[in-house]
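The chain contents come next:
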Amino acid sequence: MVIKAQRGTKDVFGDEIKTWQKIEKNAREVFSKACFEEIKTPVFEATELFSRGVGESSDIVNKEMYTFYPKFDSKETITLRPENTAGVVRAYIEHNMTRQSPPQKFFYFGPMFRYERPQAGRQRQFYQVGIEMFGIKEASADAEVILAAVEFLKSLNLNNLKVEINSLGCPKCKDDYRASIKEVLKPYLNELCDECKVRYIKNPLRILDCKNENCKKILESKEIKEVIYKDYICNECKEHFDALKKYLDELNINYCINKLLVRGLDYYSRTVFEIKSDALGSQNAICGGGRYDGLVEMLGGNPTPAVGFAMGVERLYSIIKKEQPSKIDYFIVSNNTKEALKLAQKLRQKGKIVDFDYQNRKFAKQFEKAAKVAKNAIVLGEDEINQEYYSIKDLNSGLQTRVNSIDDLI
RNA sequence: GCGGGUAUCGUCAAGUGGUUAAGACCUCGGAUUGUGGUUCCGAUAUGCGUGGGUUCGAGUCCCACUACCCGCCCCA
């Protein structure tokens, strides 16, 4: 029986790897320029971190986590991280970073795990790249984070994606809003879909982005719309949101306000945002994030405002222009593998990308290979070795020249 | 967790119950023993996702399972 990759996982190599490397490289460059530092946290954590951090009402915690006893006699379970904000916050608290002068700015890149039914743009092991920024309650931090996301996407030539923003308000606004939504939906309770009936009790805000046609229609009714679109958030939250909008205007970042944008993780407060692509089918969000001012405290740290986002790398990959495989600098054509190996060593030490034939095959075969993979062929046969020169052939033009030392090659 | 579709070489595929499972690309070898990208010749699935069944005979029909894809849900 052949062992195959687990359902919802995949190998990345060959044609795909160049583009993946570009995504990772650009993330490092763009985020470092904005003074975000990379942080690597473990892929597994105590289960409680996620149930407390991500939230008991979220689907992620309820049914999608890889949770297990690390040993058969272990007392506590561990969980493969389904997202990375909770882990970064844990590290932030554990290393007392709250005592450093704010802000603390991090980015990460790594695999996440969710036990879901695989589909286009959705896998069980998937990569996220994201940033987290701690210690700043002002909207300038929200703007900085959204700016970083947009600049990163720009670096990948993804310029025309939709940025949607909304403000959920502070916990108090959220409670008031939740109450008034419940109030106005009460008469319609029986008409909502089964899922939404559950949501009505556990997390009524999520009814707002239900895809069920009937539920959508109910939300269209006048008195409900009034509740949704009235500014329910308090003055302070409103000022915060207005400030963010102003910053985004100044930065020339196109955005639209989506009052229905709620997001499924419990820890968000005030600003939430998503960046979407039309080219992606039903899993159309490539970036999701927002402010989570209460999370650090909820996980046992000092009260610390924070804001961040995560992007799905596989989703980025699927809409990005693919990198062409590039040709190597030199392919050494030789019937003397020892000399070829020595020349390869020298050229590589000079920073060149070099390969050769390891089997002493006929020159015709070696040139065939060289033409496929390299810009230039270096001929290193008996004549060259005996008379101490190199023949170099430009495989594009077919011109062959002689040089006496490898320094002339470079 | 629910609904729909698909499964033949490394890749793309033909095949509609009857010998030995087309073809193309890739790979490898030869024509061409030190010069490639063109051309020509040749090689490569005891096998059709897995396991059963129907039949004289199954890639083709039936059943089950598995995987992948698509939608719902959820989310990045």
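Provided above is the structure to which this section pertains.
The structure displayed is predicted, hence computed values, not measured ones.

(A) Inspection of the overall build of chain A at higher detail. Scanning chain A for helices and strands turns up 16 helices and 16 strands. Scaling as 2.2 N^0.38, a compact globule of 410 residues should have a C-alpha radius of gyration of about 22 Å, whereas chain A reaches 28 Å, well beyond that. Along the longest, intermediate and shortest principal axes, the C-alpha atoms of chain A span 95 × 55 × 50 Å. Buried positions account for 48% of the 410 residues belonging to chain A. For chain A, restricting intrachain contacts to residue pairs at least 6 apart in sequence, the fraction spanning at least 24 positions comes to 67%. Entry remark: accessible area of chain A is about 22200 Å², with carbon and sulfur atoms responsible for 49%. Positive and negative charge centroids in chain A, built from 65 and 59 side chains respectively, lie 3 Å apart.

(B) Just the side chain of Asn 26, in detail. Looking at the element boundaries, Asn 26 is found in helix α1 (residues 15-33). Look at Asn 26 and you get buried, because its relative accessible area is 6%. Not counting the four nearest positions on each side in its chain, Asn 26 is found in contact with Phe 152, Ser 155 and Leu 156.

(C) Representation of the packing of helix α6 (residues 171-185) against helix α9 (residues 222-229) within the structure. Relative to each other, α6 and α9 sit at 175°, their axes nearing to 10 Å. Classed by the angle they form, the pair α6 and α9 counts as roughly antiparallel. Side by side, α6 and α9 meet where Tyr 177, Ser 180, Ile 181, Val 184 and Leu 185 of the first sit next to Glu 223, Ile 224, Val 227 and Ile 228 of the second.

(D) A look at the pattern of salt bridges. Under the counting rule described, the total for this entry stands at 25 salt bridges. Residues Arg 28 and Glu 38 are paired through a salt bridge, measuring 2.8 Å at the closest nitrogen-oxygen approach. Highlighted residues: Arg 28 in helix α1 and Glu 38 in strand β1 (residues 37-38), separated in sequence by 10 residues. One salt bridge connects Lys 238 with Asp 242, and the closest N-O pair in it is separated by 3.3 Å. Pair noted here: Lys 238 and Asp 242 are both in helix α10 (residues 235-250), with a separation of 4 residues, about one helical turn.

(E) Highlighting α10. The end-to-end C-alpha distance of α10, which contains 16 residues, comes to 22 Å, matching closely the 22 Å that a straight helix rising 1.5 Å per residue would cover. Within the span of α10, buried status applies to Cys 237, His 240, Phe 241, Leu 244, Lys 245 and Leu 248. Buried positions in α10, seen along its axis, are confined to an arc of 135° and lie on one side of it. In α10, those exposed residues whose orientation departs by more than 90 degrees from the buried face are Asn 235, Glu 236, Glu 239, Lys 246 and Glu 250. Elements that come into contact with the buried residues of α10 comprise α5 (139-155), β7 (162-167), α6, β8 (256-257), β9 (269-276) and β10 (285-291). Backbone geometry just after α10 places Asn 252 at a positive phi near 60°.

(F) Structural view of the pairing of strand β12 (residues 328-334). Burial runs high along β12: 7 of the 7 residues are buried. The pairing of β12 with strand β14 (residues 374-380) spans 6 bridges and is parallel. When the sheet's bridge partners are listed, Ser 334 is paired in β14 with Leu 380. In this structure, β12 lies alongside strand β13 (residues 354-356), joined through 3 bridges in parallel fashion. Paired with Phe 331 across the two strands is Asp 355, which belongs to β13. Between the parallel elements β12 and β13, the chain passes through helix α13 (residues 337-349) in a crossover that is right-handed.

(G) Geometry of the packing of α5 against α10. α10 packs onto α5 with a crossing angle of 40° between their chain directions and a minimal axis gap of 8 Å. In terms of orientation, α5 lies oblique with respect to α10. As α5 packs across α10, the resulting crossing turns out to be right-handed. Residues Ala 139, Ser 140, Asp 142, Ala 143 and Ile 146 of α5 form the contact with α10, whose own contacting residues are His 240, Ala 243, Leu 244, Tyr 247 and Leu 248.

(H) Region of the structure containing the sheet that holds strand β16 (residues 400-403). Strand order in this open sheet of 5 strands is β13-β12-β14-β15-β16, and the pairing throughout is mixed. At either end of the open sheet lies a strand with only one pairing partner, and these are β13 and β16. Ignoring strand direction, the axes of neighbouring strands in this sheet form an average angle of 30°. In the packing of α13 onto the sheet, the strands contacted are β12, β13, β14 and β15 (390-394), and the crossing angle to β13 comes to about 170°. Sheet strands in contact with helix α14 (residues 363-373) are β12, β14 and β15, and its direction is about 180° off that of β12.

(I) Spotlight on the nonpolar core. Membership of the largest hydrophobic core comes to 56 residues, with the highest contact counts inside it found for Val 89, Phe 134, Ile 181, Leu 185 and Ile 224. With residues near it in sequence (within four places) discarded, Leu 185 still touches Tyr 200, Ile 207, Ile 218, Leu 219 and Ile 224. In terms of nonpolar packing, the next biggest core, distinct from the first, is built from 44 residues, Phe 36, Ala 141, Leu 158 and Phe 309 among them.

(J) Geometry of the protein's contact with RNA strand B. The environment of RNA strand B is made up of 49 residues, and the closest members are Ala 120, Arg 199, Arg 206, Arg 263 and Ala 285. Atoms of RNA strand B within 4 Å of the protein: sugar and phosphate make up 54%, bases the balance. A distance of 2.9 Å separates a base oxygen of RNA strand B from a polar side-chain atom of Arg 315. Within the side chain of Lys 372, a nitrogen or oxygen atom sits 3.3 Å from a phosphate oxygen of RNA strand B.

Criteria and thresholds
- Position labels on residues start from 1 in each chain and follow its written sequence.
- Each chain is given a letter, starting from A, and each ligand a number, starting from 1, according to the order in which they appear as written.
- Given that the model is predicted, a residue must reach a pLDDT of at least 70 before its local features are reported, and side-chain atom pairs must reach 80 or more before they are shown or counted; all residues, however, enter totals for whole chains, interfaces and linings.
- Remark: hydrogens and water are excluded; side-chain values derive from all non-hydrogen atoms of the structure.
- Numbering of helices and strands starts at the N terminus; helices are DSSP runs of H or I of at least 4 residues and strands are runs of E of at least 2.
- Each radius of gyration is computed over the set of C-alpha atoms, and the globule rule expresses the reference value as 2.2 Å times the number of residues to the power 0.38.
- Type-normalised accessible area, obtained with a 1.4 Å probe on protein chains alone, sets the label of each residue: buried when under 20%, exposed when over 50%, and partly exposed for intermediate values.
- The criterion used for residue contact is that any of the two residues' heavy atoms lie within 4.5 Å.
- We get accessible surface area from the Shrake-Rupley algorithm with a probe of 1.4 Å; when it comes to residues, only the shown protein chains can shield them.
- Under the counting rule used here, the positive set is Lys and Arg, the negative set is Asp and Glu, and His together with the chain ends is not counted.
- Charge positions are represented by NZ for Lys, CZ for Arg, CG for Asp and CD for Glu.
- Axis lines are fitted to C-alpha atoms, over the contacting stretch for helices. Their N-to-C directions set the angle, which ranges from 0 to 180 degrees.
- Orientation is classified from the angle alone, with under 35 degrees giving roughly parallel, over 145 giving roughly antiparallel, 65 to 115 giving roughly perpendicular, and any other angle giving oblique.
- Salt bridge, as applied in this entry: a Lys or Arg side-chain nitrogen positioned within 4 Å of an Asp or Glu carboxyl oxygen.
- In this analysis, the expected span of each helix is defined as 1.5 Å times one less than the number of residues it contains.
- The arc in question is traced by the directions running from the helix axis to the C-beta atoms.
- Two strands pair if DSSP finds at least two bridges between them.
- Convention used here: a crossover is right-handed provided that the path from the first strand, over the helix, to the second strand proceeds clockwise when the strands point away from the viewer.
- In this scheme, a crossing is called left-handed if the near helix is turned counterclockwise away from the far one by less than a right angle; it is called right-handed if the turn is clockwise.
- Buried residues of nine kinds, namely Ala, Val, Leu, Ile, Met, Phe, Trp, Tyr and Cys, make up a nonpolar core once their side-chain atoms join them within 4.5 Å.
- Proximity is defined per residue: any heavy atom of the residue falling within 4 Å of a molecule or strand makes that residue near it.
- Contacts described as polar in this section are N or O atom pairs within 3.5 Å, which, within protein, must combine one atom able to donate a hydrogen with one able to accept it, while residues neighboring in sequence count only if both atoms come from side chains.

On their own, these measurements won't tell you what the molecule is for.
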